[in-house]
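Each chain, written out:
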Amino acid sequence: MDRPESHQAVIEAPAAQEVVMVAEVLVDVGTKALERKVFSYRIPDGLLPVAAVGAPVSVPFGGHPQLPGFILNLSPLPEEELGYKLRDINDVLDEQPLFGPEYLAFLEWVSHYYATPLLQVIGCALPGTLVQKLRKEVFFQKFPDQAEDEAALGTDGRRVLRYLQEKQKAYTPKYLSTQLKIPLKTLTPLVQKLKQAGCVSVETQLKDGPKRSRVKSKQSGASTESGELSPLALTEAQQQVVASVLANENNVPYVLFGVTGSGKTEVYMALTQQMLDQGKSVLLLVPEIALTSQIAKRFLARFGAENVALWHSNLSDGEKNVAWREILAGQRRLVIGTRSAVFTPLQDLGLILMDECHDGSFKQDAPAPRYDVRTVAREMARRFDIPVVMGSATPDVVSYHQALADGTLLRLSERFGSRPMAEVTLVNMNHERAAGNTSGLSRALVAALKENLEREEQAIVLMNRRGFYTVITCAQCETVFECPHCEVSLTLHRDAAQARCHYCGYVTAQPEYCPHCASMDLVSSGTGTQRVAEDLAGLFPEVKLARLDSDVTQRKEASQAVLDEFRSGEAQVLVGTQMVAKGLDIPNVTLVGVINADTSFSLPDYQSSERGFQLLTQVAGRAGRGEKPGRVVVQSVAPEHAVIQFARAQDFEAFYDFELMSRERMQFPPYSQLFRLMVSSPEEQKAWQFISAAVEHLRVKLMREGLTEDIELLGPAPCVIPRIQRKYRFHCLVKTRAGKPGHWLLNRFYQAVKPPEGVVFTLDVDAQTLL
């Protein structure tokens, strides 16, 4: 049988649908709302090569021809499926995306955890002027006659090219658009077409910033020595810590509890070396700018300046912009910085280190996001499956408690080289005054300073209040000179003949008479760093003194200059606020004096005991770090105070047990999570009415949800400082034991409540400061 003739089926392919690339853009529309303001835009063909997640863009929005935004997602869609016509992106402001998808997901977590709009989180994470100062300049590039190619450019393309040929200068697209009367949305893809044809070159530069692609700046005075510091041989305890971190495959957060002078920095460097050898990057977070510079010197000398980027608020905009790009490009694999360094886009991150992890500066109080670096670093480590090591001689109670529960506590119980801890002497200032000593310096401290200086050794004196006198009072009518904008007393700064408010920055000339009774009999009292320095200069006129407080460090690199002067031995005595308690490792410092040790314990704050103990223990740890023994003289009006006794013994674990009982009794962290709702307004009644209504609304909501047992409301009430910068302040503290559900409920409540005009409403998650 003949096989039947086969019939070939003819299939007509459907007409190809035109596909457009659609970008989801987070647009800055100036709203507080937490929900992401994301809108879809079409990407013109000319911008396709440079459009990517994380790219900053300019888009039309409503009646605005240009608003800034960021691309969050890209997707190709058939034009027929859109159902509506999309507006085009105006321009991509930077050909290099400022972050990638993983980094974006991390920022979204920060946004949700801290109830802060994503755009505001991005603004916090990126260098402040990186996007705002971007501009594009178009340069004419000479090449042989290209008449045929020019014909293919179209009329507008030829106009642009000829204009550039004639002027022989660089111009921004916006300028060209104005001069040539070509719409910017038409000109932007046209410039890309000219660039692809080899007719022009396009460079992205920074206004007012460095114009070099790579700038080797001195970055806050850090040493430029590189690769000269050989690693010290680790002790057995240090080796065990390093091995524990490297061996654990679960990559959990560790707390490294090491006494002052135990060699935590050597552990950090050994772990860093291991990561760099594996091609990984390392982030080292430190609490103070001054500490950044001194710890950076050791890391720069060990690992080389070409590998290290510094990150802190004293860097210029240009320095930060350059550093960000180099970190993003993988050119810098070790970042050392303060709080905001946690957001730097390190590539192949392998380890996060946090020195002095107890420090309060790791929590941002304002503006939003009010993030805690310890929480953010733990989340970052979880996402990237890397270890976090948080080191301190006085860990914060919450972190220490968590480490004990998780079995992730690491210890260095002895000073490096088995050096003894400094001997601490307590001086009762009530007895000093009874003996006729009206000075702020005890006889014991003066005698110890004299002996110390005769031996050509150095000393640190801590006075945790800046200024000269902290209170100015009229002797006749007892009027206290207060800031007109805040309910706090003015502090006299005698070197500048000024009275200043340390909360809002108000400054006035040193008062000569009382504004109420006209009396010129004014009494100044209290003690600040300026007065202590002047008193010491009077007692020891031949001695060079240095002072370190925020008045001094307002000038760029001033803190580094002061520390260099002290470290070199040119200055024999360093007087300062809490800055002098952190990280200073100077072998010739054998004496530490503490003035008014009780100051920290008088604040109405659940963490005041913890902060006081940390400050006293940390500053005591600055003495006797070399071959010579150390001594500490602590002046107090209540030397029998339990916390001062714990600090005298430098016994953190005894203090921890004592403090934990108080926290459990009052149900403060770690036994709850603490939120703070706060309002402020120039109108006192308006602020009070709003927060009263808001808290009542929250109370009803908790009753409906059956959460009144797990979430406790304290307030509302006036803040401890009820007025700052002419704004009245009220707050409500919220203790929640409801875990994540309680957290998200409070976040949603905050976002749903809209304050009236003139009232600012804020939420502080994991609140640390209650003043």
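Structural data are supplied above this passage.
A quick note: this is a predicted structure, and the numbers were derived from the prediction, not measured.

### Some points on the overall build of the chain
Then, in step 1: Across its full length, the chain carries 22 helices and 29 strands.
Then, in step 2: Every one of the 771 residues in the chain was classed for burial, and the buried ones make up 54%.
Then, in step 3: Considering only residue pairs separated by 6 or more positions, the chain has 75% of its internal contacts joining residues 24 or more positions apart.
Then, in step 4: Accessible surface for the chain amounts to roughly 34,800 Å². Of this, 49% is attributable to carbon and sulfur atoms.

### Things to note about the pattern of salt bridges
Then, in step 1: For the coordinates displayed, the defined rule picks out 26 salt bridges.
Then, in step 2: The partner of Glu-653 in a salt bridge is Arg-411, and the shortest N-O contact between them spans 2.8 Å. Of the two residues, Glu-653 is situated in helix α20 (residues 652–666) and Arg-411 in strand β14 (residues 409–412); the sequence distance between them amounts to 242 residues.
Then, in step 3: The salt bridge involving Arg-419 is made with Glu-627; its shortest N-O contact spans 3.3 Å. Pair noted here: Arg-419 is in the loop between β14 and β15 (423–428) and Glu-627 is in the loop between α18 (608–620) and β25 (631–636), with a separation of 208 residues, a long-range link.
Then, in step 4: In this structure Arg-419 comes out as partly exposed when scored by relative accessible area, which is 25%.
Then, in step 5: The exposure class of Glu-627 is exposed, given its relative accessible area of 73%.
Then, in step 6: If you follow the salt bridges from partner to partner, you end up with Lys-297, Asp-564 and Arg-567 in one network.

### Re helix α17 (residues 558–567)
An α-helix turns once every 3.6 residues. As a result, residues three or four positions apart point the same way.
Then, in step 1: For α17, the tally of buried residues reaches seven of ten residues, placing the bulk of the element in the interior.
Then, in step 2: All of the buried residues in α17 are Ala-558, Ser-559, Gln-560, Val-562, Leu-563, Glu-565 and Phe-566.

### Side note on the packing of aromatic side chains
Then, in step 1: The full count for this structure, using the stated rule, is 25 aromatic pairs.
Then, in step 2: Ring centres of Phe-613 and Phe-652 lie 6.3 Å apart, and the angle between their planes is 45°; on these two criteria the pair is classed as tilted. With Phe-613 in helix α18 and Phe-652 in helix α20, this residue pair connects regions lying 39 residues apart in the sequence.
Then, in step 3: Residue Phe-652 is classed as buried on the basis of its relative accessible area, which comes to 4%.
Then, in step 4: Chaining the aromatic ring pairs together yields one cluster made of Phe-70, Phe-99, Tyr-103, Phe-106, Trp-311, Trp-324, Phe-343 and Tyr-371.

### Some points on the sheet that holds strand β10 (residues 308–311)
Sheet strands pair by backbone hydrogen bonding; their relative direction is either parallel or antiparallel.
Then, in step 1: With parallel pairing, the seven strands of this open sheet are ordered in space as β10-β11-β9-β12-β13-β8-β14. Edge positions in the sheet fall to β10 and β14, since each of these pairs with one other strand and no more. The mean angle between the axes of side-by-side strands here comes to 20°, regardless of whether they run parallel or antiparallel.
Then, in step 2: The pairing of strand β8 (residues 253–258) with β14 spans four bridges and is parallel. The residue bridging Phe-257 from the neighbouring strand is Arg-411, located in β14.

### Notes on the side chain of Gln-768
Then, in step 1: Turning to its location among the elements, Gln-768 is positioned in the segment after β29 (760–765).
Then, in step 2: When its relative accessible area of 17% is taken as the criterion, Gln-768 is described as buried.
Then, in step 3: Once residues lying within four places of it in the same chain are set aside, the contact partners of Gln-768 are Lys-363, Asp-372, Arg-374, Asp-605, Gln-607 and Arg-611.

### With respect to the pairing of strand β16 (residues 458–462)
Then, in step 1: For β16, the buried fraction is high: five of the five residues fall into the buried class.
Then, in step 2: Alternating positions in β16 separate into two faces, Gln-458, Ile-460 and Leu-462 on one and Ala-459 and Val-461 on the other, with burial throughout.
Then, in step 3: Bridging between β16 and strand β24 (residues 589–594) involves five bridges; their strand directions are parallel. Bridging across to β24, Ala-459 finds its partner in Leu-591.
Then, in step 4: Pairing of β16 with strand β23 (residues 573–576), which is carried by four bridges, proceeds in the parallel orientation.

### Examining the sheet that holds strand β18 (residues 491–493)
Then, in step 1: Judged by pairing direction, the sheet is antiparallel, and its three strands sit side by side in the order β18-β19-β20 without closing on themselves. Every interior strand has two partners, whereas the edge strands, β18 and β20 (507–509), have only one. Across the sheet, the mean angle separating the axes of adjacent strands is 30° when strand polarity is ignored.
Then, in step 2: Of the pairings in the sheet, the one linking strand β19 (residues 498–500) to β20 comprises three bridges and is antiparallel in character. Bridge pairing in β20 places Gln-498 opposite Ala-509.

### Description of unusual backbone geometry
Negative phi characterises most residues that are not glycine, and trans characterises most peptide bonds.
Then, in step 1: In this chain, Ala-368 is followed by Pro-369 through a cis amide linkage whose omega measures 0°.
Then, in step 2: Mapped onto the secondary structure, Pro-369 falls in the loop between β12 (349–355) and α12 (373–384).
Then, in step 3: In this model, Pro-669 is joined to Pro-670 through a cis peptide bond whose omega is 20°.
Then, in step 4: Here the phi dihedral of Asp-766 falls at roughly 55°; this positive angle occurs in a residue that is not glycine.
Then, in step 5: For Asp-766, a relative accessible area of 13% puts it in the buried group.

### Focus on the packing of helix α2 (residues 101–113) against helix α3 (residues 118–125)
Then, in step 1: The interhelical angle for the contact between α2 and α3, taken along N-to-C directions, is 115°, at an axis separation of 9 Å. For the pair α2 and α3, the crossing hand works out as right-handed. Residues Tyr-103, Leu-104, Leu-107, Glu-108, Val-110 and Ser-111 of α2 form the contact with α3, whose participating residues are Leu-118, Val-121, Ile-122 and Ala-125.
Then, in step 2: For the contact of α2 with α3, the class distribution of residues is eight nonpolar, one polar and one charged.

### Let's talk about the nonpolar core
Then, in step 1: In terms of nonpolar packing, the biggest core is built from 119 residues, with Leu-107, Leu-283, Leu-285, Val-342, Phe-343, Ile-352 and Leu-574 touching the most fellow members.
Then, in step 2: Not counting chain neighbours up to four residues away, the residues in contact with Phe-343 comprise Tyr-103, Phe-106, Leu-107, Val-110, Cys-124, Ala-125, Trp-324 and Tyr-371.

### With respect to helix α16 (residues 529–539)
Then, in step 1: Looking only at α16, the buried set comprises Thr-529, Gln-530, Arg-531, Val-532, Ala-533 and Leu-536.
Then, in step 2: Looking at the buried side of α16, the elements it contacts are α15 (443–454), β16, β18, β22 (545–548) and β23.

### Some remarks on the pairing of strand β3 (residues 56–61)
Then, in step 1: Extensive coverage of β3 is indicated by the burial of five of its six residues.
Then, in step 2: Two elements, β3 and strand β4 (residues 64–78), share five bridges in a ladder whose sense is antiparallel. Bridging from a neighbouring strand, Val-59 pairs with Leu-67 of β4.

### Considering the packing of α18 against α20
Then, in step 1: It is the contact of α18 with α20, at a shortest axis distance of 11 Å, that shows an interaxial angle of 170°. Our classification of the angle between α18 and α20 gives roughly antiparallel. The residues of α20 that touch α18, namely those facing Ser-609, Glu-610 and Phe-613, are Phe-652, Phe-655, Glu-659 and Arg-663.

### A look at a negative patch on the surface
Then, in step 1: Taken together, the side chains of Glu-18, Asp-45, Glu-79 and Glu-80 make up a negatively charged region of the molecular surface.
Then, in step 2: Of note, Glu-80 is situated in helix α1 (residues 79–82).

Reading guide: rules and limits
- Residues numbered from 1 in each chain as written.
- Predicted model: local features only at pLDDT ≥ 70, side-chain atom pairs only at ≥ 80, totals over all residues.
- Heavy atoms only, no water.
- Helix = DSSP H or I, 4+ residues; strand = E, 2+ residues; numbered from the N terminus.
- Buried < 20%, exposed > 50% of the residue type's maximum accessible area, 1.4 Å probe, protein only.
- Contact = heavy atoms within 4.5 Å.
- Areas by Shrake-Rupley, 256 points an atom, 1.4 Å probe, with all protein chains shown as cover.
- Salt bridge = Lys/Arg side-chain N within 4 Å of Asp/Glu carboxyl O.
- Phe/Tyr/Trp six-rings, centres within 6.5 Å; stacked < 30°, edge-to-face > 60°.
- Pairing = 2+ DSSP bridges.
- Axes fitted to C-alpha atoms, helices over the stretch in contact; angles between N-to-C directions.
- Left-handed = near helix turned anticlockwise from the far one by under 90°.
- Nonpolar A, V, L, I, M, F, W, Y, C, P; charged D, E, K, R; others polar.
- Core = buried A, V, L, I, M, F, W, Y, C linked by side-chain atoms within 4.5 Å.
- Parallel < 35°, antiparallel > 145°, perpendicular 65-115°, else oblique.
- Patch = residues over 30% accessible without salt bridge, like charges linked within 9 Å, V, L, I, M, F, W, Y side chains within 5 Å.
- Lys, Arg positive; Asp, Glu negative; His and termini not counted.
- Charge placed at Lys NZ, Arg CZ, Asp CG, Glu CD.

In short, geometric facts, not functional conclusions.
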